[in-house]
Amino acid sequence: MTSHPAPAPGPTVGFDLDMTLVDSRPGIHASMRALAERTGTYIDADLVVTRLGPPLAEELIHWFPAEEVPAVADLYREMYPSIAVAASLAMPGAAEAVAAVRAAGGRAVVVTAKYEPNAKLHLAHLGIDADAVIGDLWAEQKAEALREEGAGVYVGDHIGDVRGARAAGALSVAVATGPCDAEELRTAGADVVLGGLTEFPRWLSDYLRDYLPARA
């Protein structure tokens, strides 16, 4: 990673992508069905979309021999843009959450396990303008990017996101909009659990008012 952002006057907030900013379930479901048809291999796409978050290879290993996974992953990523991007939707409150960070004078960065070019396509399609997009990182691997970007907060829907935030020394703000429920996120160590991004602007306002001055 080569990004060296200038200090922002406000907070730098990291966001996960799938099931945090983007409801990619329809697109991934369609892509997995297309992959099954292309390869002649059975894939339960309904099951796949209930456990989004970990890297693609961790899902494909359930359906393909280990030695085939790299090539199948490449095929999936090649097919993905024309199938999944237009089919996926912004999560409720996604644009408003990013706008709230910007309104506070901060930077919004996306750190995701998704293949980075496809992550950028999702954001462009939905009109969500992130200050940086770093892909292909999962769980504790996300910490390096969060530290490089100077993120003091990381928002995600999976316990892997909580682990990434904690490894980076960032505040873990979890949204219960993905495969992990609120209790699971709290047990994993989330500092804050929200029902979804629609609650984020108010939380951020309170955080900036109450917590940052105390830390100064």
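Structural data are supplied above this passage.
Caption draft 1: Representation of the packing of helix 4 (residues 69-84) against helix 6 (residues 116-126). Remark: helix 4 packs on helix 6, axes separated minimally by 10 Å, with the N-to-C direction vectors making an angle of 5°. Judged by the angle between their axes, helix 4 and helix 6 are roughly parallel. Residues R77, Y80, P81 and A84 of helix 4 lie in contact with helix 6, whose contacting residues are N118, L121 and H122. Partitioning the contact of helix 4 with helix 6 into residue classes produces 4 nonpolar, 2 polar and 1 charged.

Caption draft 2: Local environment of the sheet that holds strand 8 (residues 192-194). An order of 5-4-1-6-7-8 is seen for the 6 strands of this open sheet, with the pairing classed as parallel. With one partner strand each, in any of the chains shown, strand 5 (132-134) and strand 8 form the two edges of the open sheet. Taken over all neighbouring pairs, the strand axes of this sheet differ in orientation by 20° on average, direction set aside. Against the sheet, helix 5 (residues 94-103) contacts strand 1 (12-15) and strand 4 (107-111), and its axis sits at roughly 165° relative to strand 1.

Caption draft 3: Representation of helix 5. Those residues of helix 5 that sit buried are A94, A97, V98, A100 and V101. Along the axis of helix 5, the buried residues cluster in a sector spanning 155°; they form a single face. Against the buried residues of helix 5 lie strand 1, strand 3 (89-90), strand 4 and helix 10 (200-210). Among the residues trailing helix 5, G105 stands out with phi positive, at a value near 80°.

Caption draft 4: Representation of the packing of helix 5 against helix 10. Interaxial distance between helix 5 and helix 10 falls to 8 Å at its minimum, and their mutual angle equals 20°. The pairing of helix 5 with helix 10 is recorded here as roughly parallel in orientation. Seen from above, helix 5 lies across helix 10 with right-handed handedness. Taken together, the residues of helix 10 that come into contact with helix 5 (itself represented by E96, A97, A100 and V101) are F200, P201 and L204. Here the contact of helix 5 with helix 10 is composed, by residue class, of 6 nonpolar, no polar and 1 charged.

Caption draft 5: Representation of the side chain of S31 within the structure. Tracing the backbone through its elements, the reader meets S31 in helix 1 (residues 25-39). When sequence neighbours within four positions are dropped, the list of residues in contact with S31 reads Y76, Y80, I83 and A84.

Caption draft 6: Region of the structure containing the pairing of strand 7 (residues 171-175). Of all 5 residues in strand 7, 5 are buried, a share of seventy percent or more. Examined bridge by bridge, strand 6 (residues 153-156) and strand 7 share 4 bridges and lie parallel to one another. Looking across to strand 7, one finds that V155 is bridged to V173. Chirality of the crossover, the property in question, places the unit of strand 6, helix 8 (residues 159-168) and strand 7 among those that are right-handed. With 3 bridges connecting them, strand 7 and strand 8 associate as parallel partners. Bridge pairing in strand 8 places A174 opposite V193. The parallel pair strand 7 and strand 8 is bridged by helix 9 (residues 182-188), and the resulting crossover is right-handed.

Caption draft 7: The arrangement of the pairing of strand 4 in detail. Of all 5 residues in strand 4, 5 are buried; the element is thus mostly enclosed. Neither face of strand 4 is left uncovered, since the one carrying R107, V109 and V111 and the one carrying A108 and V110 both have all their residues buried. Two elements, strand 4 and strand 5, share 3 bridges in a ladder whose sense is parallel. When the bridges of strand 5 are listed, V109 appears paired with A132. One crossover worth recording links strand 4 to the parallel strand 5 by way of helix 6, and it is right-handed.

Reading the values: the criteria
Residues numbered from 1 in each chain as written. Predicted model: local features only at pLDDT ≥ 70, side-chain atom pairs only at ≥ 80, totals over all residues. Heavy atoms only, no water. Axes fitted to C-alpha atoms, helices over the stretch in contact; angles between N-to-C directions. Helix = DSSP H or I, 4+ residues; strand = E, 2+ residues; numbered from the N terminus. Parallel < 35°, antiparallel > 145°, perpendicular 65-115°, else oblique. Contact = heavy atoms within 4.5 Å. Nonpolar A, V, L, I, M, F, W, Y, C, P; charged D, E, K, R; others polar. Pairing = 2+ DSSP bridges. Buried < 20%, exposed > 50% of the residue type's maximum accessible area, 1.4 Å probe, protein only. Arc of directions from axis to C-beta. Left-handed = near helix turned anticlockwise from the far one by under 90°. Right-handed = clockwise from strand over helix to strand, strands pointing away.

Purely geometric stuff here, so don't read any function into it on its own.
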